[in-house]
Amino acid sequence: MHMWRGKVRFVVATVTLLVLLTWIYLLVGRSENGRALILGLCVSDKQVHSSNSERESLVAWVREVEEENQQLRLQLSDWPKQSAASSRESGSWPEDEGNHTECVKQPVVEKCELIHVAIVCAGHNASRDVVTLVKSILFHRKNPLYFHFITDAVAYRILSKLFQTWMVPSVYISFYDADELKPIVAWIPNKHYSGIYGLMKLGLTNVLPANLSQVIVLDTDITFATDIAELWAIFRKFTDKQVIGLVENQSDWYLGNLWKNHKPWPALGRGFNTGVILLLMDRLQRRGWEQMWRLTAERELMSMFSTSLADQDIFNAVIKQNPSIVHQLACFWNVQLSDHTRSELCYTKVSDLKVIHWNSPKKLRVKNKHVEFFRNLYLTFLEYDGNLLRRELFRCPSQTSTGRQRLQRMLEELDEDDQCYDFRRERITDHRTHLYFLHYDFTDNMDEAGVTLVTQLSMDRLQMVEAICKHWEGPISLALYLSDAEAQQFLQYALASQVLRNRRNVGYHIVYKEGQFYPVNLLRNIALKQVNTPYVFLTDIDFLPMYGLHQYLRKSIIQLELDSEKKALIVPAFETLRYRLSFPKSKAEVLSMLDMGTLYTFRYHVWTKGHAPTNFAKWRTATTPYKVEWEADFEPYVVVRRDCPEYDQRFVGFGWNKVSHIIELDAQEYELMVLPNAYIVHMPHAPSFDISKFRSSSLYRKCLRTLKEEFHQDISRKYGSTALKYLTAEQSI
């Protein structure tokens, strides 16, 4: 190599000297003939005129020298490639796979070209992780995207609702049932923590559309630091025989030297990592991919007995037998932060990175000298406001989803000059929603009297969740109104809480913040829709139920035959002004505390009408359930069947959000029954932001009156003359 470089320098010096002498000669000729000679050494077809035949021969000679010079330049330009090839043979990182990514000329992706991405996603945790991956892709993308999700029932329920409410332009979604792939890979023993879902990428040709020619396949623990179109463009570099694009594995795992008696699956060199895969689907089908990997897996399992790294072991065994099918991607397309990683050899500065892969079970706790940069990049997208990613692609026409079409029609019907425009706008806002943010495992469909506590909250009421869980052992459905950053704070809070960590029957449904009002009734409806027991207890987050209320309600439901009769069971509400309270353990203690002045009937001093019809005087001595009649502004907390009317979402923030629901129950002829031995206690807290707005803004109060009038009109149209009593009662106040 050094001798070759010396020869190159000698030739360059010789050519330079000859060119210099030629120019001197030509300049002398110019002075003799008195006119300029123009010689374009870099333009071979330029004509040089001279009356002197000797000069013509000299010009020909100069051209010949220049041609040799151009050939030399070509050889010099090829030298880095030859050097890189030599580096590959010696086992070092190739230059185009390391740093200086700005020098790599990327293939061009057509503007508005649709990019397909396939992801296997199962369970609650993976459904959270994949959102961060999608955010990082959406943040950088300039092309339409088509996500193909292979999901279990849990992930489908979560992600279908999330993307339906996210409504990102030029993003298309398809779901495929992971159960269809289970028979294809279930016979393979797998020690990897991903379980059977870690094998499913092997069977993508069995579930993805037959007309899908190419797709990028990603693990859920991936973070993009660049436009995914750059990765998509690499398909154009594939040779005729190549069908799979992979990055080399950045550890010594497949070399078998990590510990004594370590025996990995066969692989080509260090092997390849399958966290990022480029698949030419049509070529895979033509090559008989399923038969190829099946035969390889069967053969290797005779000696290996199980996979250690799931599908990655089988992919590598296939490539070992068929090395021509793989196109090696530059290492920065899958920087692997695994245990024993060599990824630091892949780059000299972190700005060179394209894709980060958290493929260690330790995830963010993995050791790496640049882990703080990687962690901050991940956290940036983790807490990034997903609403900001709803941007249109410039000059890329897209098919508008049904949800966006409906929203656009409703927006066009609104009058922006209406003083109450913001209230009406909030009613039709479709908030991005992530159901079952934490693990949920409650499917007791055999309990015919099962009842779920349903409520909603914002970040400032988070401390009440633990307290409620201590008082209520039954299932709970919570809708939390949070920002993306607050959702992560809640996650850390819940995982750190021993009380919440041990509960699997609490469904946490994140509704992401958008707009200026607290969408209280939207939150209630979302929590209500996720209930899987026959009955619900509709309450507010500030109330602690009496100990044993869950079992008491179950018995009351059976006793009062709620399965066959339209009844709403009222749980009497009390309040304390003390932040530290010895919670009453029985009705007798409640009565004693009422007499002592440490408990009060709820809102007796500011909103008596809200709970007066409960008839607390009668409750003091009642031993059996008793019926009460509806009255104006009545808003008790009730137990009803799950199929009860939804809350009216026009009421946002403070005012009439529960009153309107009780009116609807009464209009549907629900019988209001007060339970004699049940109670809840409201705990003190600072006033909410919405009640402060109600008290300080005359426009807020005016718009609330307008919404109430419109509600009465809608109730009258819906229920006819029987609903006139509500309007009459309102006018008499």
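As annotated in an unreviewed UniProt entry, the chain is Glycosyltransferase-like protein LARGE2 from Callorhinchus milii. The heading Pathway (unreviewed entry) in the UniProt record of the chain holds the text "Protein modification; protein glycosylation." Looking at the chain in UniProt, the text filed under Subcellular location (unreviewed entry) is "Golgi apparatus membrane".

Another point: helix α22 (residues 689–696). For α22, every residue scored as buried is listed here: Asp-690, Ile-691 and Lys-693. Projected down its long axis, α22 carries its buried residues within an arc of 155°, all on one side. Opposite the buried face of α22, at more than 90 degrees from it, the exposed residues are Phe-689, Arg-695 and Ser-696. Tucked inside the fold, the buried residues of α22 contact α23 (698–719).

On to helix α10 (residues 311–321). Given 3.6 residues to a turn, an α-helix orients residues that are three or four positions apart in the same direction. With nine of 11 residues buried, α10 is to be regarded as a mostly interior element. Of all the residues in α10, the buried ones are Asp-311, Gln-312, Asp-313, Ile-314, Phe-315, Asn-316, Ala-317, Val-318 and Ile-319. Along its buried surface, α10 packs onto β6 (244–248), β7 (272–280), α9 (289–304) and β8 (326–329).

With respect to the helices and strands, His-550 occurs in helix α18 (residues 549–559). For His-550, the contacting residues outside a window of four places in its chain are Val-451, Trp-472, Glu-473, Gly-474 and Pro-475.

By size, the foremost hydrophobic cluster in this structure holds 169 residues, and its most contacted members are Phe-490, Tyr-508, Phe-537 and Leu-553. If you look at the next biggest cluster of nonpolar residues, it comprises 44 residues, including Val-243, Met-292, Ala-317 and Val-318.

Turning to the sheet that holds strand β22 (residues 671–674), a few remarks are in order. With respect to topology, nine strands assemble into an open sheet ordered β11-β14-β13-β12-β15-β21-β17-β22-β20, the strand pairing being mixed. Strand pairing shows two members of the sheet lacking a second neighbour, β11 (433–434) and β20 (626–628), which therefore form its edges. Here helix α17 (residues 520–529) sits on the sheet in contact with β11, β12 (451–458), β13 (476–482), β14 (506–512) and β15 (535–538), set at roughly 145° to β12. Against the sheet, α18 touches β12, β15, β17 (567–571) and β21 (637–641), its axis set at about 130° to β12.

With that settled, consider the pairing of strand β3 (residues 171–177). Relative to β3, strand β2 (residues 145–151) runs parallel, the two being bridged by seven bridges. By the bridge assignment for β3, Tyr-146 is matched with Tyr-172. Handedness of the crossover is the feature at issue here: the chain leaves β2, passes through helix α4 (residues 153–166), returns alongside β3, and the resulting connection is right-handed.

What follows deals with the state of the cysteines. For the structure shown, the criterion picks out two disulfides. Note that Cys-112 is cross-linked by a disulfide to Cys-396, the S-S spacing being 1.9 Å. One quick way to see it: the torsion about the S-S bond of Cys-112 and Cys-396 is about -100°, and its sign makes the bridge left-handed. Of the two residues, Cys-112 sits in the loop between α2 (53–90) and β1 (115–121) while Cys-396 sits in the loop between α11 (371–382) and α12 (402–413), which places them 284 residues apart along the sequence. Exposure remark for Cys-112: the relative accessible area of 27% places this residue in the partly exposed category. With a relative accessible area of 5%, Cys-396 lands in the buried category. The disulfide partner of Cys-420 is Cys-703, and the gap between their sulfur atoms is 2.1 Å.

About the thresholds
Residues numbered from 1 in each chain as written. Predicted model: local features only at pLDDT ≥ 70, side-chain atom pairs only at ≥ 80, totals over all residues. Heavy atoms only, no water. UniProt positions renumbered as here; feature names shortened; annotations may be inferred. Buried < 20%, exposed > 50% of the residue type's maximum accessible area, 1.4 Å probe, protein only. Helix = DSSP H or I, 4+ residues; strand = E, 2+ residues; numbered from the N terminus. Arc of directions from axis to C-beta. Contact = heavy atoms within 4.5 Å. Core = buried A, V, L, I, M, F, W, Y, C linked by side-chain atoms within 4.5 Å. Pairing = 2+ DSSP bridges. Axes fitted to C-alpha atoms, helices over the stretch in contact; angles between N-to-C directions. Right-handed = clockwise from strand over helix to strand, strands pointing away. Disulfide = S-S within 2.5 Å.

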